[in-house]
Amino acid sequence: MNAPSTIHAKSYHLLSAGLDDGLRSPVDLFSWSVRGTVSGLVNHASYIANSRDARSCGAARTPTARRFGELVALDANPVARLLLGAQSQESLQLGWNRYNRKAPLAVDTEWTAEPEALRRQLRSGVDDDGFRRDTISACLEGLRESAARSKTPSARTLLAVWCALGEADRAVGDAIDCLYEEPAADMAASALWLGCSPRTLQRRLSRAGLNFSVLKQAVRIDVAGMLMRAPVAHSLTVIAQTAGFFDSAHFAHAWQQSCGLAPSAYRQLAADMHSLR
């Protein structure tokens, strides 16, 4: 049983996903990307359970850097988008380390430069082992390789992910595009824009493993993230309104759930990383 001090400890969802061999089909991957955008931190206990499953029958299946690279390219969470935008190793390490220190993670993993190594600070009651250290190392290598290959980021990340997965349902792609055009649109307005009934729209989304309200929230978070990473500074109130949130408090709550940071802390981290480009 977890110690009381670690009940609410979190891990980044990318780590847990890297250990999930069932996460392979385009539908599952896109659904994961949407859900991970809305709630990017998972209970640390879930990550531990996945690591145990990966080592079942005595056969360790540490995910490879390539696997993590594939996943991070599909990860629309603001943390992934921030780190993929790093233009140098120094910027990437700064982003990783400061995020680890500020987010409510069970393990603070610092990425040192000279000599390159990982220093892990555990919360009280959290254990560690070589398998999870190897998992983190593979994740960082995949992230570094992906950041080096990263091109100009799309302004509509989730739509780009949907297209990259090769999904042919144009109606779903159109629904995602509609939400980027009007992030505050409800189901009825989106269906009207698409020329179908709300029931038909929900049925098409369900086939893709999607729920309209979660997809809408993911799009709003992605829009807000793009604005907070932009060189031009926008007020948090303007960002909240542009992204379709009801008010600044609603936005701040959603953002904290998405990446474990307050919007102001995320924006400052983005500015600090940008200064190292």
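### Considerations on the overall build of the chain
Next up, step 1: Broken down by element type, the chain carries 15 helices and 4 strands.
Next up, step 2: Against the compact-globule benchmark of 19 Å for 277 residues, the chain has a radius of gyration of 19 Å, which places it among compact chains.
Next up, step 3: For the C-alpha atoms alone, the extent of the chain along its principal axes is close to 55 × 45 × 40 Å.
Next up, step 4: Expressed as a percentage of its 277 residues, the buried residues of the chain come to 47%.
Next up, step 5: Considering only contacts within the chain whose residues lie at least 6 apart along the sequence, 69% involve residues at least 24 apart.
Next up, step 6: For the chain, the computed accessible surface area is about 13100 Å², with 53% contributed by carbon and sulfur atoms.

### Topic: the nonpolar core
Next up, step 1: Within the largest apolar cluster, 77 residues are counted, with the highest numbers of intra-cluster contacts made by F30, Y99, L158 and I176.
Next up, step 2: Those residues within four positions of F30 in sequence are excluded, and the remaining contacts are L158, V161, W162, L165, I176 and L210.

### Some thoughts on empty space enclosed by the protein
Next up, step 1: Under the criterion given, the structure shown has 1 cavity of 30 Å³ or more.
Next up, step 2: Each pocket or cavity is described by its volume, and for the largest cavity that value is around 240 Å³.
Next up, step 3: Y12, L15, W96, L105 and I136 are the residues nearest the centre of the largest cavity, which is lined by 23 residues in total.

### Quick word on the state of the cysteines
Next up, step 1: Applying the stated rule across the entire model yields 0 disulfides.
Next up, step 2: Cysteine C139 shares no disulfide, and the gap to the nearest cysteine sulfur, in C259, comes to 16 Å.
Next up, step 3: Unpaired in terms of disulfides, C163 finds its nearest cysteine sulfur in C178, a separation of 15 Å.
Next up, step 4: Here C163 falls in the exposed class, since its relative accessible area comes to 53%.

### Points about the environment of R52
Next up, step 1: Tracing the sequence through the fold places R52 in helix α3 (residues 44–54).
Next up, step 2: Sequence-wise, R52 and G18 are 34 residues apart; in three dimensions their C-alpha atoms are separated by 13 Å.

### A look at the packing of aromatic side chains
Next up, step 1: Across all of its chains, the model carries 5 aromatic pairs by this definition.
Next up, step 2: Between Y12 and Y99 the ring centres are 6.4 Å apart and the planes differ by 80°, which places this aromatic pair in the edge-to-face class. Placement of Y12 in strand β1 (residues 10–12) and of Y99 in helix α6 (residues 89–102) is noted, with a sequence separation of 87 residues between them. You'll find Y12 and Y99 in the same group, each marked buried.
Next up, step 3: Their ring planes at 70° and their centres at 4.9 Å tell us that F30 and W162 sit as a pair that is edge-to-face. Taken together, the residues F30 in helix α2 (residues 26–38) and W162 in helix α8 (residues 157–164) connect sequence positions 132 residues apart.
Next up, step 4: Site record: aromatic cluster; members linked through ring pairs are F245, F251, W255 and Y266.

### Focus: helix α10 (residues 187–194)
Next up, step 1: If you check which residues of α10 are buried, you get M187, S190 and A191. An end-on view of α10 places all buried positions within 100° of arc, on one side of the element. Across from the buried face of α10, at angles greater than 90 degrees, the exposed residues are L192 and W193.
Next up, step 2: Taken together, the buried residues of α10 touch α9 (170–181), α11 (198–207) and α12 (212–229).

Conventions adopted
Residues numbered from 1 in each chain as written. Predicted model: local features only at pLDDT ≥ 70, side-chain atom pairs only at ≥ 80, totals over all residues. Heavy atoms only, no water. Helix = DSSP H or I, 4+ residues; strand = E, 2+ residues; numbered from the N terminus. Rg over C-alpha atoms; globule rule 2.2 N^0.38 Å. Buried < 20%, exposed > 50% of the residue type's maximum accessible area, 1.4 Å probe, protein only. Contact = heavy atoms within 4.5 Å. Areas by Shrake-Rupley, 256 points an atom, 1.4 Å probe, with all protein chains shown as cover. Core = buried A, V, L, I, M, F, W, Y, C linked by side-chain atoms within 4.5 Å. 1 Å grid on protein atoms, 1.4 Å probe; cavity = no way out; pocket = protein on both sides within 12 Å on 5 of 7 lines; lining within 4 Å. Points joined across faces, edges and corners; volume = space filled by probe spheres on them. Disulfide = S-S within 2.5 Å. Phe/Tyr/Trp six-rings, centres within 6.5 Å; stacked < 30°, edge-to-face > 60°. Arc of directions from axis to C-beta.

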